[in-house]
2 protein chains.
Amino acid sequence: MKQLVEERQGETASRCGHTPVLHAPPVLPVQDVDGEIEGQRVRFVQHALIFLEGDPADRIFQVVDGAVMLYKLLPDGRRQVVELLGPGDIFGLSFKPVHDSSAETLSPALVTSYERSAVERSPHFLARLNRCVQSQICALHEHAVLLGRKSALERVASFLMRFVPLHTCPTHQDREQMLATVRLTMTRQEIADYLGLTIETVSRAFSELRRRGVVSIEKQDEVKINHVCGICRLTGTH
Amino acid sequence: MKQLVEERQGETASRCGHTPVLHAPPVLPVQDVDGEIEGQRVRFVQHALIFLEGDPADRIFQVVDGAVMLYKLLPDGRRQVVELLGPGDIFGLSFKPVHDSSAETLSPALVTSYERSAVERSPHFLARLNRCVQSQICALHEHAVLLGRKSALERVASFLMRFVPLHTCPTHQDREQMLATVRLTMTRQEIADYLGLTIETVSRAFSELRRRGVVSIEKQDEVKINHVCGICRLTGTH
DNA sequence: GGCCGTCAATGACGGCGCTCAAGGTTCCAA
DNA sequence: TTGGAACCTTGAGCGCCGTCATTGACGGCC
């Protein structure tokens, strides 16, 4: 993942002052896997801005590698991260001619973009798009439950469960992997904005989980999962 | 809308004890407008259950007339309404073979359902589906902001703005219409579960809006909008 | 090494919204 | 008209989480 790091650094600060901007035009024209539509691949550094809410939405994007977040801002500066995306996820969809949210990388990322109008003319691509979108809708539903109905501790526990690879009957070997350290590529502020909390509350929730023994905080962005079932029980979902 | 009212009444109470159930098979086989796929039309009474979270998801649905809500339950009974749907909206999508949420009518409703596998084979239909889904994703993003970052008063104000037909430069005639009474087909409990609040807090927010003079509560489910801009300013979005 | 900037953890305190309880409305049926 | 059920409103009290401020850890830079 390290080799994906940089290619161009952004020019200006984003509206909310969080991150550098990369507004360079896409780089590598590539043929879509299906051979139907021409996609363009771009590498982004960590914390690069891919587009801003309100930018014209004439291309759609797919994460190839790395992580991307979508967020929206209120006029007074409050921010809500509305989606966390990984490899295979699609973003940049909008029913209006402009994007409804901003997109920013959480890690060095490789992204493919496609011309929107071309995508909408390709049945094959639409079918793939359809499948991607459905899983994203389910994720959004799940997230609405988290934001609307869960306590701070439940939110943070649910967040950590995202990083546990298997949710079902782990074999011993799997369990070993699950106990491995999870690297959070997000700052406390980003986590807080995703979970609808403040950084302080996120921090306190992490401390509480540590106090209860279910996790150990190795470094700031490295969490060791000691007790998967323990965390799972705290999510409120099970 | 009154003539759509009933056709069959449900047999049992739903899991959460909110509503009667309608699990009757679809009624009127109709040809899709595009002549490609056979859809089946069903009329539902108000507060009818269309499907439950966990039911097999082998059909997808489209609202023709009336209103439908999608909700999810936590094991301890907490409920979150994740989507409010009106004419044209599609639901029943899931990336798993079962539904990720339950669907219930908020008013008498006319719904068309299509066989899922057939839909996914029809390019024409996929294109339509794609457009519908994109606007729903934007709505889910907007709702995440509401749930994660808005105060109770802002949430209720935002909720009311859904019912204001025009958001832009109303002519005098439009403004007259906008000042007309809005009928909420939702109970306070349903509104609360949609906004991530309790009924008491929703009630207090309505009272606060009344105290400020921006609305009048005519009957329990009829709200007169006195001052659109006033409400709009309280949403936090503008 | 010393300085500073960034980020996280923690404590004190206050307020928003939840809980619990009581009373009021609305509406239907007898 | 009256009783009752369902729903809504309002108040009192409290707890979770936000706000504000301090401290500490870490890393870059001169």
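Residues numbered from 1 in each chain as written. Chains lettered and ligands numbered in written order. Predicted model: local features only at pLDDT ≥ 70, side-chain atom pairs only at ≥ 80, totals over all residues. Heavy atoms only, no water.

Concerning the protein's contact with DNA strand D
Then, in step 1: Close to DNA strand D lie 16 residues; A:T201, B:R188, B:S203, B:R204 and B:S207 are nearest.
Then, in step 2: Atoms of DNA strand D within 4 Å of the protein: sugar and phosphate make up 67%, bases the balance.
Then, in step 3: In the model, a phosphate oxygen of DNA strand D is placed 2.8 Å from a nitrogen or oxygen of the B:R188 side chain.
Then, in step 4: A distance of 2.8 Å is found between a base nitrogen of DNA strand D and a side-chain nitrogen or oxygen belonging to B:R204.
Then, in step 5: Contributing elements (two or more residues each) for the surface near DNA strand D: α6 (199-211) of chain A together with α6 (199-211) of chain B.
Then, in step 6: The leading source of residues in the surface near DNA strand D is α6(B), at five residues.
Then, in step 7: The class makeup of the residues in the surface near DNA strand D is two nonpolar, eight polar and six charged. (Near = heavy atom within 4 Å. Polar contact = N/O pair within 3.5 Å; in protein donor to acceptor, adjacent residues only side chain to side chain. Helix = DSSP H or I, 4+ residues; strand = E, 2+ residues; numbered from the N terminus. Nonpolar A, V, L, I, M, F, W, Y, C, P; charged D, E, K, R; others polar.)

Some points on the protein's contact with DNA strand C
Then, in step 1: Taken together, the neighbourhood of DNA strand C is formed by 17 residues, with A:S203, A:R204, A:S207, B:A152 and B:T201 sitting nearest.
Then, in step 2: Here DNA strand C approaches the protein such that, of its atoms within 4 Å, sugar and phosphate make up 70%.
Then, in step 3: Between DNA strand C and the protein, one listed contact pairs a phosphate oxygen with a side-chain N or O atom of A:S203 at 2.6 Å.
Then, in step 4: Between A:R210 and DNA strand C, the recorded distance is 3.5 Å, taken from a side-chain N or O atom to a phosphate oxygen.

Some words on the nonpolar core
Then, in step 1: Judged by nonpolar contacts, the single largest core of 112 residues is most densely connected at A:I50, A:F91, B:I50 and B:F91.
Then, in step 2: In terms of nonpolar packing, the next biggest core, distinct from the first, is built from 30 residues, A:I60, A:F125, B:Y114 and B:V119 among them. (Core = buried A, V, L, I, M, F, W, Y, C linked by side-chain atoms within 4.5 Å. Buried < 20%, exposed > 50% of the residue type's maximum accessible area, 1.4 Å probe, protein only.)

Topic: helix α5 (residues 188-195) of chain A
Then, in step 1: Among the eight residues of α5(A), six are classified as buried, and the element is accordingly described as predominantly covered.
Then, in step 2: Among all positions in α5(A), only A:E190, A:I191, A:A192, A:D193, A:Y194 and A:L195 are buried.
Then, in step 3: Here the buried face of α5(A) lies against β5 (68-73), β6 (79-85), α2 (123-149), α3 (152-161) and α6 of chain A together with α2 (123-149) of chain B.
Then, in step 4: Positive backbone phi, at 70°, marks A:G196, one or two positions downstream of α5(A). (Contact = heavy atoms within 4.5 Å.)

Quick look at the packing of helix α3 (residues 152-161) of chain B against helix α5 (residues 188-195) of chain B
Residue and element names in this part refer to chain B.
Then, in step 1: Viewed as axis vectors pointing N to C, α3 and α5 meet at an angle of 110°, and their least axial separation amounts to 11 Å. Taken together, α3 and α5 sit at an angle that is classed as roughly perpendicular. For the element pair α3 and α5, the recorded crossing hand is right-handed. Contact with α3, carried on its side by R155, V156 and F159, involves I191, Y194 and L195 of α5 and no other residues of that element. (Axes fitted to C-alpha atoms, helices over the stretch in contact; angles between N-to-C directions. Parallel < 35°, antiparallel > 145°, perpendicular 65-115°, else oblique. Left-handed = near helix turned anticlockwise from the far one by under 90°.)

Focus on the relation of the copies chain A and chain B
Then, in step 1: Of the transformation superimposing chain A on chain B, the axial component is 0.0 Å and the angular component is 180°, with the fit at an RMSD of 0.0 Å. Both chain copies can therefore be described as sitting about a two-fold axis.
Then, in step 2: A high fraction, 100%, of the interface residues of chain A reappear at the interface in chain B, so the copies pair face to face through one surface. (Least-squares fit on C-alpha atoms with pLDDT ≥ 70 in both.)

Notes on the interface of chain A and chain B
Then, in step 1: Each partner contributes to the interface: chain A provides 44 residues, whereas chain B provides 44 residues.
Then, in step 2: Buried area between chain A and chain B, summed over both chains or domains, comes out near 3800 Å², and the portion from carbon and sulfur atoms is 63%.
Then, in step 3: Among the residues of chain A in contact with chain B, A:Q134, A:H141 and A:R149 are the three that bury the most area, contributing 20% of the side total.
Then, in step 4: Counting across the chain A and chain B interface gives six salt bridges.
Then, in step 5: Across the salt bridge formed by B:D193 and A:R149, the nearest N and O atoms sit 2.9 Å from each other.
Then, in step 6: For the pair chain A and chain B, the number of links is 22 residue pairs in polar contact (both at pLDDT 80 or more).
Then, in step 7: Contributions of two or more residues to the side of chain A that touches chain B are made by β5, β6, α1 (116-121), α2 and α5 of chain A.
Then, in step 8: The element best represented in the side of chain A that touches chain B is α2(A), accounting for 18 residues. (Buried area = accessible area lost by both parts, 1.4 Å probe. Salt bridge = Lys/Arg side-chain N within 4 Å of Asp/Glu carboxyl O.)

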